Amino acid sequence: MDVNDSLLLPVVDEDGAPFWEYAARGELRVQACASPACGELRFPPRPCCPHCGSFDSEWRAMSGRGRIWSYVIPHPPLLPAYAEQAPYNAVLVELVDAPRIRLAGNVVASADAPLNSVDPARLRIGAPVRAVFCPAGPRGAVTLVRWLLER
Amino acid sequence: MATLKDATAIAGIGQTAFARRLPESEKTLACRAILVALDDAGIAPSEVDGFASYTMEETDEVEVAKAIGAGDVTFFSKVGYGGGGSCATLGHLAAAVATGQASVGVAWRSRKRGSGPRPWKNTAVQLPTPAQWTRPYGLLRPADEIGMLARRYMHAYGATRDHLFNVALACRNRANQNPDAIMYDRPLTREMYMTSRWISEPLCLFDNCLETDGALACVIVSAKRARDCRQKPVYLHSVAQGLPAQHHGMVNYWNDDPLTGPAWTAARQLWKHADFGPDDIHVAQIYDAFTPLVPLSLEGYGFCGRGEGGAFTEGGALETGGRLPLNTGGGGLSEAYVHGFNLITEGVKQLRGTSTAQVPDAATCLVTAGEGVPTSAVLLRN
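Residues numbered from 1 in each chain as written. Chains lettered and ligands numbered in written order. Predicted model: local features only at pLDDT ≥ 70, side-chain atom pairs only at ≥ 80, totals over all residues. Heavy atoms only, no water.

Draft legend 1. Structural context of the overall build of chain B. What chain B contains, in helices and strands, is 13 helices and eleven strands. Taken over the C-alpha trace, chain B has a radius of gyration of 19 Å; the compact-globule value for 382 residues is 21 Å, and the two agree within 12%. In terms of principal-axis extent, the alpha carbons of chain B reach across some 55 × 45 × 45 Å. Burial status across chain B gives 65% buried among its 382 residues. The long-range share in chain B, meaning contacts at least 24 apart out of those at least 6 apart in sequence, stands at 77%. (Helix = DSSP H or I, 4+ residues; strand = E, 2+ residues; numbered from the N terminus. Rg over C-alpha atoms; globule rule 2.2 N^0.38 Å. Buried < 20%, exposed > 50% of the residue type's maximum accessible area, 1.4 Å probe, protein only. Contact = heavy atoms within 4.5 Å.)

Written as structure tokens, this is what we have:
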């Protein structure tokens, strides 16, 4: 069985669903206020804009470029699918297009590689990364956003 | 304006044994701790008419009330966000007693986390939002979530593992003085800390609290009544809750500044209603589910400046005789992790003068609840 088949999958809520639908198409998009006077990005997705109160939103395309804001290397005890790949990295990536939007993810050697496919010694805060998309779960039910080290 | 300042007091405290595994149920342990606390105060169970607890408490007030033989109950509340609610239970009861909604209030915590299930293993309840943004990537446990903030904090301010060790050591040293602590006869050395196994780098085994079975309780009455009770009153001088703007729970990664957590919000409210400030605190009980929460809280509650929490721990500042003796029963790291309620009862012991690591003439104590989640805090004085 592929290492990505037994990971926990997002349980998607109504507000978050578009993020995952775009990810399945290979697009990294972030929710933004659609009020012309505002337009602020927000994450995680929610029903209305905390800046202006508008309930109109759109999903704005990001370049997929980011920097590592922080990271951890989890060790067991862990859930079985993760313990098999431990120690692995979990990172928080700030988007170059929107530095205060930070996405959790993993730095991997290629989109569908194991979570431990990059030597943790290669990770550092501030390192540039690029989004890739990895189908996960039964029949690729959900597409996870992961990250490659640039260069 | 009406104020809660010194209007109510803690008249009784109680606890069960702490252990990795206790044979009795959570409900039984809760009842034992509450009855000990009422006896400590010299108040009959039938006089209890108020209850306050916080979420992740499995024993409901209806169970406790009928088991201990409470009378008609006229006030009850449950505060959200697990360990962030410990001190808030005191605030809710203080408000209820001060406004006449109840006369004898009981707050408690009973847990079997040493021998029972751990919530992060229950994937069904963990996965709905906001976990959809973190759990699939293997950010599974609170240690992973706080480790992320800890690494950023260390990077931003030059805090080191030695600073985290200072926190773990202060708690362990106090536990070594406390026969009720799980780590009573188990000293910690720097070598043990530095060579222990990782849990979630940069956090090692000794950066994590102890999973514990046990229960605690305290009894709150009006200040006037407390003066006629069996024990010296410990007054609730100021209480506060804190849920900062744009905060997002333990994975607080999405606001402008994730390193200024709920402590900052609770602290502003707490000091606003107090007659004294951080420099006047004689002893502190700061929520220590993980060591990095202590430097973050020291900054939030105003004991030092932003980014100075690591350096504050140097030179024995957190030890007996230091600038701010910390978690004098051993805390969650070395006495017992009972969602912070043992920090409250230890604060009471300090002001009664009965702690196993007594700070001479301690007259003021800060107690805080879980940091990283929406939190609460209380200033105790005698």
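Draft legend 2. Structural context of the sheet that holds strand S3 (residues 75-79) of chain B. Residues and elements named next belong to chain B. Pairing in this open sheet of nine strands is mixed, and the strands run S3-S2-S4-S7-S1-S8-S11-S10-S9 from one edge to the other. Taken across any chain shown, the strands that pair with only one partner, and hence form the sheet edges, are S3 and strand S9 (283-285). Each neighbouring strand pair of the sheet contributes to a mean axis angle of 25 degrees, computed without reference to strand direction. With eight bridges joining them, strand S4 (residues 105-112) and strand S7 (residues 213-222) adopt antiparallel strand pairing. Directly across from Arg109, in S7, lies its bridge partner Leu216. (Pairing = 2+ DSSP bridges. Axes fitted to C-alpha atoms, helices over the stretch in contact; angles between N-to-C directions.)

Draft legend 3. Structural context of the side chain of B:Thr368. Residues and elements named next belong to chain B. Note on placement: Thr368 falls in strand S10 (residues 364-368). Residue classification places Thr368 among the buried positions, given a relative accessible area of 0%. Among the polar contacts made by the side chain of Thr368, one reaches the main-chain amide nitrogen of Tyr287 at a distance of 2.9 Å. With sequence-adjacent residues up to four places away left out, Thr368 is seen in contact with Ser86, Cys87, Gln285, Ile286, Tyr287, Tyr301, Leu343, Ser376 and Ala377. (Polar contact = N/O pair within 3.5 Å; in protein donor to acceptor, adjacent residues only side chain to side chain.)

Draft legend 4. Up close: the side chain of B:Thr313. All names here are of chain B. Assignment of secondary structure puts Thr313 in the loop between helix H11 (309-312) and helix H12 (331-334). The exposure class assigned to Thr313 is buried, which follows from its relative accessible area of 3%. Apart from residues lying up to four places away in sequence, Thr313 is in contact with His163, Asn166, Val167, Leu298 and Leu318.

Draft legend 5. Just the nonpolar core, in detail. Counting 69 residues, the largest nonpolar core has A:Leu28, A:Tyr82, A:Val107 and A:Trp147 as the members making the most contacts within it. B:Ile13, B:Phe75, B:Cys209 and B:Leu236 belong to the second-largest nonpolar core, a separate cluster that totals 46 residues. (Core = buried A, V, L, I, M, F, W, Y, C linked by side-chain atoms within 4.5 Å.)

Draft legend 6. Layout of the pairing of strand S7 (residues 142-149) of chain A. Residues and elements named next belong to chain A. Within S7, eight of the eight residues are buried, which leaves it mostly tucked inside the rest of the structure. Residues of S7 alternate between two faces, with Val142, Leu144, Arg146 and Leu148 on one and Thr143, Val145, Trp147 and Leu149 on the opposite face, all of them buried. As judged from the eight bridges shared by strand S6 (residues 128-136) and S7, these two strands associate in the antiparallel manner. Counted as the bridge partner of Phe133 is Val145 from S7. Hairpin remark: S6 followed by S7, antiparallel, with five residues in the connecting loop; positive phi at Gly137, about 85 degrees.

Draft legend 7. Here's a closer look at unusual backbone geometry. With an omega of -5 degrees, the peptide bond running from A:Phe43 to A:Pro44 counts as cis. With respect to the element layout, A:Pro44 can be found in the loop between strand S1 (29-33) and strand S2 (57-61). A positive phi angle, near 75 degrees, is found at B:Tyr81, a position not held by glycine. Positive phi, normally seen in glycine, also occurs at B:Asp361, with a value near 60 degrees. Relative to the elements of secondary structure, B:Asp361 occurs in the loop between helix H13 (341-352) and S10. For B:Asp361, a relative accessible area of 72% corresponds to the exposed category.

Draft legend 8. Quick peek at the packing of helix H9 (residues 262-272) of chain B against helix H10 (residues 293-300) of chain B. Residues and elements named next belong to chain B. At a minimum axis separation of 8 Å, H9 and H10 run at an interaxial angle of 35 degrees. In the crossing of H9 with H10, the sense of the turn from one axis to the other is right-handed. Across the interface between the two elements, Ala263, Trp264 and Ala267 from H9 touch Leu296, Ser297, Glu299 and Gly300 from H10. Taken together, the residues of the contact of H9 with H10 sort by class into four nonpolar, two polar and one charged. (Left-handed = near helix turned anticlockwise from the far one by under 90°. Nonpolar A, V, L, I, M, F, W, Y, C, P; charged D, E, K, R; others polar.)

Draft legend 9. Up close: helix H5 (residues 142-157) of chain B. All names here are of chain B. Here H5 is 16 residues long and its end C-alpha atoms lie 22 Å apart, about the 22 Å a rise of 1.5 Å per residue gives. For H5, the set of buried residues is Ala143, Asp144, Glu145, Ile146, Gly147, Met148, Leu149, Ala150, Arg151, Arg152, Tyr153 and Met154. Phi turns positive, to about 70 degrees, at Gly158, one or two residues after H5. (Expected span 1.5 Å × (residues − 1).)

Draft legend 10. Spotlight on the interface of chain A and chain B. Taken together, the contact between chain A and chain B spans 39 residues of the former and 36 residues of the latter. Between chain A and chain B we count one salt bridge in total. Counting across the interface, chain A meets chain B through 21 residue pairs in polar contact (both at pLDDT 80 or more). Elements represented by at least two residues in the side of chain A that touches chain B include exactly helix H1 (17-24), strand S3 (65-74), strand S4 (90-95), strand S5 (98-105) and S7 of chain A. Broken down by element, the side of chain A that touches chain B gets its largest block of residues, six residues, from S3(A). (Salt bridge = Lys/Arg side-chain N within 4 Å of Asp/Glu carboxyl O.)

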